[in-house]
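Below are the chains, spelled out letter by letter.
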Amino acid sequence: VSLLSFEGKLLPLEYDFVIIDTPPYLAAELRLAMWISDLVISPVQPVRWVFQGTEFLLKELELSSVTGLKNPDRLLVPSMVGKSKTEEERLKVLRKKYNLSMASIDRSNAIRTSAETGKPLKENSNGYKAFASLALEVIEMAEMNLEAGK
């Protein structure tokens, strides 16, 4: 009943995009959001333990599609990316296995400070450009899905 209520409250909204930010663990909020979404965007760090969490998320998405719920597109966003060779290699492994965005969010003091203070990034900063690039990529995916009738 709560899934129908949740979806019913979102459908009448007159927005092209509704962003639902949930806790990063498989709680009710995340499951409800996944079950009604057209696109699930998840940050993924090039850190070993993150691979396991990504697998849990993707298995949950597969389970929802098998049970007859929506089967949303998935886009993993490389986030908190540093400049080390190890991280580059891990990103290569992720790109071979998953649908990763072309946009990458680097590890940045400016992004961290912006998130902590709730203040926007400065226009034309590297962080601003990275998020703008991600936004354009998501919009392009949505337009392709509309054209394909999804």
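Colleague: Which parts of the structure should I look at to understand the pattern of salt bridges?
Modeller: Side-chain pairs of opposite charge can arise whenever the charged atoms involved come near each other. Across all of its chains, the model carries four salt bridges by this definition. Measuring nitrogen to oxygen at the nearest pair gives 3.7 Å for the salt bridge that ties Glu89 to Lys92. Here Glu89 pairs with Lys92, and both are found in helix 4 (residues 85-97), just three residues apart, close to one helical turn. Residue class for Lys92 comes out partly exposed when judged on its relative accessible area of 47%. With a closest N to O distance of 3.6 Å, Arg112 and Glu116 form a salt bridge.

Colleague: Looking at this structure, how should I read unusual backbone geometry?
Modeller: It is generally the case that most residues other than glycine have a negative phi and that most peptide bonds are trans. Located in the positive-phi region is Met80, a residue other than glycine, with phi close to 55°. Relative accessible area serves as the criterion here: at 39%, Met80 is assigned to the partly exposed category. Unlike most non-glycine residues, Asn124 shows phi in positive territory, near 70°. Structurally, Asn124 is set in the loop between helix 5 (109-117) and helix 6 (126-147). Judged by relative accessible area, which is 57%, Asn124 ranks as exposed.

Colleague: Which parts of the structure should I look at to understand helix 6?
Modeller: The periodicity of an α-helix, 3.6 residues per turn, causes residues three or four places apart in sequence to face the same way. Compared with the 32 Å implied by 1.5 Å per residue over 22 residues, the 32 Å span of helix 6 between its first and last C-alpha is a close match. Where helix 6 is concerned, the buried positions are Gly127, Ala130, Leu134, Glu137, Val138, Met141 and Asn145. Summarising the axial view, the buried residues of helix 6 lie within an arc of 95°, below the 170-degree limit, and thus occupy one face. Exposed residues lying more than 90 degrees from the buried face of helix 6 are Leu136, Leu146 and Glu147. Packing partners of the buried residues in helix 6 comprise strand 1 (39-44), strand 2 (73-81), strand 3 (105-106) and helix 5. Backbone geometry just after helix 6 places Gly149 at a positive phi near 85°.

Colleague: Would you take a moment to explain the pairing of strand 2 for this structure?
Modeller: With eight of nine residues buried, strand 2 lies mostly within the body of the structure. With six bridges joining them, strand 1 and strand 2 adopt parallel strand pairing. Paired with Val40 across the two strands is Arg74, which belongs to strand 2. Examined bridge by bridge, strand 2 and strand 3 share two bridges and lie parallel to one another.

Colleague: What exactly am I supposed to notice about the sheet that holds strand 3 here?
Modeller: Within a sheet, adjacent strands bond to each other through the backbone by hydrogen bonds, running parallel or antiparallel. Spatially, three strands are ordered 1-2-3 in an open sheet, and the strand pairing comes out parallel. Edge positions in the open sheet fall to strand 1 and strand 3, since each of these has one partner strand only. The sheet contacts of helix 4 involve strand 1 and strand 2, and relative to strand 2 the element is tilted by about 180°. Where helix 6 meets the sheet, it contacts strand 1, strand 2 and strand 3, and its direction lies at approximately 175° from that of strand 2.

The rules behind these values
- Residues numbered from 1 in each chain as written.
- Predicted model: local features only at pLDDT ≥ 70, side-chain atom pairs only at ≥ 80, totals over all residues.
- Heavy atoms only, no water.
- Salt bridge = Lys/Arg side-chain N within 4 Å of Asp/Glu carboxyl O.
- Helix = DSSP H or I, 4+ residues; strand = E, 2+ residues; numbered from the N terminus.
- Buried < 20%, exposed > 50% of the residue type's maximum accessible area, 1.4 Å probe, protein only.
- Expected span 1.5 Å × (residues − 1).
- Arc of directions from axis to C-beta.
- Contact = heavy atoms within 4.5 Å.
- Pairing = 2+ DSSP bridges.
- Axes fitted to C-alpha atoms, helices over the stretch in contact; angles between N-to-C directions.

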